[in-house]
Amino acid sequence: GQSKTLIGEFNVGGTQGWRDFASAPSEDVVLTIRTWDPAAVTVLSEFCAEWRIPKSWHSCVSRNGCINSSSFRLEGKTLSLRFYPKGAAKAVSGRCSAYLYPEDEGML
């Protein structure tokens with residue numbers, strides 16, 4: 001079987017796909033579409049959250065390119081995360097960067 005990943009925004013009336021997806025089929029074909037919200041952060045408890053970013057998503061981001069999470073709450077504070085898979089502008093080559101952005105003042 002063939003597996004392909006397509007990541008990006010879709011515009012009304014636009015198309016996304018692969019010109020040479022696979023060999024011409026000789027049997028039944030099943031195409032599966034799976035959506036995923038890369039911005040979603042899972043809050044595990046009042047004190048812990050987890051953001052899983054699949055390789056298929058972060059491998060497409062260039063140096064100084066980032067992925068932003070959606071907002072989430074921990075200990076009554078609203079936060080978000082920003083992840084640079086190949087590092088922010090001033091990061092050492094080969095290192096990633098991650099930042100926590102508080103939307104509320106106070107200690108965490």
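Quick note: structure is the one above.
Values in this document were obtained by computation on a predicted structure and should not be read as measured data.

Things to note about the side chain of Ser80
And step 1. Topologically, Ser80 is positioned in strand S5 (residues 77-84).
And step 2. Here Ser80 falls in the buried class, since its relative accessible area comes to 13%.
And step 3. Setting aside residues up to four positions removed in sequence, Ser80 forms contacts with Ser69, Ser70, Ser71, Phe72, Tyr99, Leu100, Tyr101 and Glu103.

As for unusual backbone geometry
And step 1. Unusually for a residue other than glycine, Asn64 sits at a positive phi of about 70°.
And step 2. Among the secondary structure elements, Asn64 is positioned in the loop between helix H1 (55-58) and strand S3 (67-68).
And step 3. The partly exposed category is assigned to Asn64, whose relative accessible area is 42%.
And step 4. Not every positive phi belongs to a glycine, and Glu75 is a case in point at roughly 50°.
And step 5. Given a relative accessible area of 38%, Glu75 falls into the partly exposed group.

Some words on the packing of aromatic side chains
And step 1. Summed over all chains, the structure comprises one aromatic pair.
And step 2. A centroid spacing of 5.8 Å and a plane angle of 85° characterise the contact between Tyr84 and Tyr99, whose relative ring orientation is edge-to-face. Pair noted here: Tyr84 is in strand S5 and Tyr99 is in strand S6 (residues 97-102), with a separation of 15 residues, a long-range link.
And step 3. Under the relative-accessibility criterion, Tyr84 is labelled buried at 11%.
And step 4. On the basis of relative accessibility, which here comes to 37%, the residue Tyr99 falls in the partly exposed class.

Conventions we followed
Residues numbered from 1 in each chain as written. Predicted model: local features only at pLDDT ≥ 70, side-chain atom pairs only at ≥ 80, totals over all residues. Heavy atoms only, no water. Helix = DSSP H or I, 4+ residues; strand = E, 2+ residues; numbered from the N terminus. Buried < 20%, exposed > 50% of the residue type's maximum accessible area, 1.4 Å probe, protein only. Contact = heavy atoms within 4.5 Å. Phe/Tyr/Trp six-rings, centres within 6.5 Å; stacked < 30°, edge-to-face > 60°.

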